[in-house]
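These are the residues of each chain, in order.
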Amino acid sequence: MRRFASPIKHIDMANTLKGWMAPNTVTADPNDKILVLESTSKADINKVYEEMLAEDTGLRIETIVHVVTLYQRICARLLMNGWQLNTGLFYAVPRFLGVIIGGGEVGCTEK
């Protein structure tokens, strides 16, 4: 198996997650608390492109879009062929959802 050195250089930058304490409703202990993440906002693929362009790597938007699209396509192909996927950023496992009907046909979960 070929291993590739990570081209990512670690830069000192402050990343901050905000959260608030809330009662843990799973336990009866009134002093038991959990930390709930405060979401900043939502980011779509265009936000990712914008942030990548802001890194000023010298790449044009067309190249960035091509590479990200290729990455997504390969990840989807691996998952759809039964691979467990660990990218270092996320871990994904394909799984079946639905109701087994009669002769093994997978049906809609709404039935």
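Above this text is the structure in question.
Cut-off values and rules
- Residues numbered from 1 in each chain as written.
- Predicted model: local features only at pLDDT ≥ 70, side-chain atom pairs only at ≥ 80, totals over all residues.
- Heavy atoms only, no water.
- Axes fitted to C-alpha atoms, helices over the stretch in contact; angles between N-to-C directions.
- Helix = DSSP H or I, 4+ residues; strand = E, 2+ residues; numbered from the N terminus.
- Parallel < 35°, antiparallel > 145°, perpendicular 65-115°, else oblique.
- Left-handed = near helix turned anticlockwise from the far one by under 90°.
- Contact = heavy atoms within 4.5 Å.
- Nonpolar A, V, L, I, M, F, W, Y, C, P; charged D, E, K, R; others polar.
- Buried < 20%, exposed > 50% of the residue type's maximum accessible area, 1.4 Å probe, protein only.
- Polar contact = N/O pair within 3.5 Å; in protein donor to acceptor, adjacent residues only side chain to side chain.
- 1 Å grid on protein atoms, 1.4 Å probe; cavity = no way out; pocket = protein on both sides within 12 Å on 5 of 7 lines; lining within 4 Å.
- Points joined across faces, edges and corners; volume = space filled by probe spheres on them.

## Some thoughts on the packing of helix α1 (residues 45-54) against helix α2 (residues 61-80)
Then, in step 1: Running from N to C, α1 and α2 cross one another at 130°; their axes reach a closest spacing of 10 Å. In terms of their interaxial angle, α1 and α2 are classed as oblique. Handedness of the α1/α2 crossing: right-handed. Contacts between α1 and α2 pair Ile45, Tyr49, Met52 and Leu53 from the former with Ile61, Ile64, Val65, Val68, Thr69 and Gln72 from the latter.
Then, in step 2: Residues that form the contact of α1 with α2 fall into these classes: 8 nonpolar, 2 polar and no charged.

## A word on the side chain of Asn24
Then, in step 1: Mapped onto the elements, Asn24 comes out in the loop between β1 (18-23) and β2 (33-38).
Then, in step 2: On the accessibility criterion, Asn24 (16% relative accessible area) is buried.
Then, in step 3: A polar side-chain atom of Asn24 sits 3.1 Å from the main-chain amide nitrogen of Val26.
Then, in step 4: Not counting residues within four places of it along the chain, the set of residues in contact with Asn24 comprises Asp32, Lys33 and Ile34.

## Concerning the layout of surface pockets
Then, in step 1: Each pocket or cavity is described by its volume, and for the second largest pocket that value is around 220 Å³.
Then, in step 2: Forming the walls of the second largest pocket are Thr16, Leu17, Lys18, Leu37, Glu38, Ser39, Thr40, Ser41, Lys42 and Ala43.
Then, in step 3: Partitioned by chemical class, the residues of the lining of the second largest pocket number 3 nonpolar, 4 polar and 3 charged.

Everything listed here is a matter of geometry and, on its own, says nothing about what the molecule does.
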